[in-house]
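# Tertiary structure, described
The primary structure of each chain is shown beneath.
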Amino acid sequence: MAATNVIEVTGLRKTYGKLVAVDDVSFEVREGEIFGLIGPNGAGKTTSMECVEGIRKIDGGAVSVLALDPWKDSQELQDRIGVQLQQAQLQKRIKVWEAVDLWASLYPSTVDGDRLLEQLGLDDKRDAWFMTLSGGQKQRLFIALALIHDPDLVFLDELTTGLDPQARHAIWDLVRDIKTRGKTVFLTTHLMEEAERLCDRVAVIEHGRIIAMDTPAALVREHCPERAAIFQADGEVDAAVFERIPGIASVDSGDSGFTLKGRGDDFVSEVIHAISESSIRVRDFRTETPSLEDVFLKLTGHSIRD
């Protein structure tokens, strides 16, 4: 049975004077998935998300969130969605438990705040002032505030930007946990590794337009199907051995060894088979597979801009 769409966006357009920030954007987010809107800074990610949340009024198209209009039905919708904003801040001297209590007071029904802080690894920071928290701890607090009323749908905007790798991986684990609790997550990020690790599906946005949308693996298969096997060989090796490998695209050899590039799910296995059949002794064998960032580079012609 097909999953229910909790977000449906059709022909979304948002302008600021003569600047077209979002231009004819369409996508859907399915119940229970982590969906990522990905692209460089300035591509229209945050503007699109804010239109979906009802923070900004759209200039064209249609948006439905949990079968409601986010602009007209904002009061009804706010109890069912949780929002973590990219530039969120709190008073410097508000304590962690005070922030959670304040947010909880805004909703008719909430989860146990102390339990939520424990789950997010903030129980030992209950009495700490906001200004004393690390970047990762602040982001975890903002996630707690977004989850305090047990929403059906959670919005996360660039939630790990500026965090160190350890804090980033901790936040990723939290996002996966949100999904396992039956929630739907809509996130934006300009970090391709983050999208590839977390998202069930992604939409790539560039200059305010969606240029590709699918699962990360499907996008890689479609746009960057080539992979490489790289190794050094002992003794003389006839390169013709490798040119007969099914799916081979190129064979490069030099002082650093061989680089074989080709297509197909079995390409690496075929390389290994050819090496074994020819009794070639190899060293430092490794493979390189394309990533979502390679897809973005191919689709846009440039790397991610910070």
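Presented here is a report on the structure given in the accompanying data block. Predicted, not measured: the structure shown is a model, and the values here were computed from it.

### Here we look at the nonpolar core
Counting 49 residues, the largest nonpolar core has Leu90, Leu141, Ile143, Leu156, Val175, Leu187 and Leu292 as the members making the most contacts within it. Dropping the residues within four chain positions of it, Leu292 is found in contact with Ile38, Met192, Ala195, Glu196, Val202, Pro216, Leu219 and Val220. By size, the runner-up hydrophobic cluster in this structure holds 26 residues, among which are Cys51, Val52, Leu153 and Phe186.

### Observations concerning helix 1 (residues 45–53)
Across the nine residues that make up helix 1, a large majority, eight, are buried. All of the buried residues along helix 1 are Lys45, Thr47, Ser48, Met49, Glu50, Cys51, Val52 and Glu53. In the stretch just after helix 1, Gly54 is the one whose phi turns positive, near 90 degrees.

### Comments concerning unusual backbone geometry
Trans peptide bonds make up the majority, and among non-glycine residues the majority have a negative phi. Even without being glycine, Asp24 reaches a positive phi, approximately 60 degrees. Relative to the elements of secondary structure, Asp24 occurs in strand 2 (residues 19–30). A positive phi angle, close to 55 degrees, is found at His207, a residue other than glycine. Tracing the backbone shows His207 in the loop between strand 8 (201–206) and strand 9 (209–214). Residue His207 is classed as exposed on the basis of its relative accessible area, which comes to 61%.

### A look at the pairing of strand 8
Burial analysis of strand 8 places six of its six residues in the buried class, the great majority of the element. Here four bridges tie strand 3 (residues 34–38) to strand 8, and the two strands are oriented parallel to one another. Within the sheet, the bridge partner assigned to Phe35 lies in strand 8 and is Arg201. Taken together, the five bridges between strand 8 and strand 9 define a ladder with antiparallel strand orientation. Bridging from a neighbouring strand, Ala203 pairs with Met213 of strand 9.

What counts and how
Residues numbered from 1 in each chain as written. Predicted model: local features only at pLDDT ≥ 70, side-chain atom pairs only at ≥ 80, totals over all residues. Heavy atoms only, no water. Core = buried A, V, L, I, M, F, W, Y, C linked by side-chain atoms within 4.5 Å. Buried < 20%, exposed > 50% of the residue type's maximum accessible area, 1.4 Å probe, protein only. Contact = heavy atoms within 4.5 Å. Helix = DSSP H or I, 4+ residues; strand = E, 2+ residues; numbered from the N terminus. Pairing = 2+ DSSP bridges.

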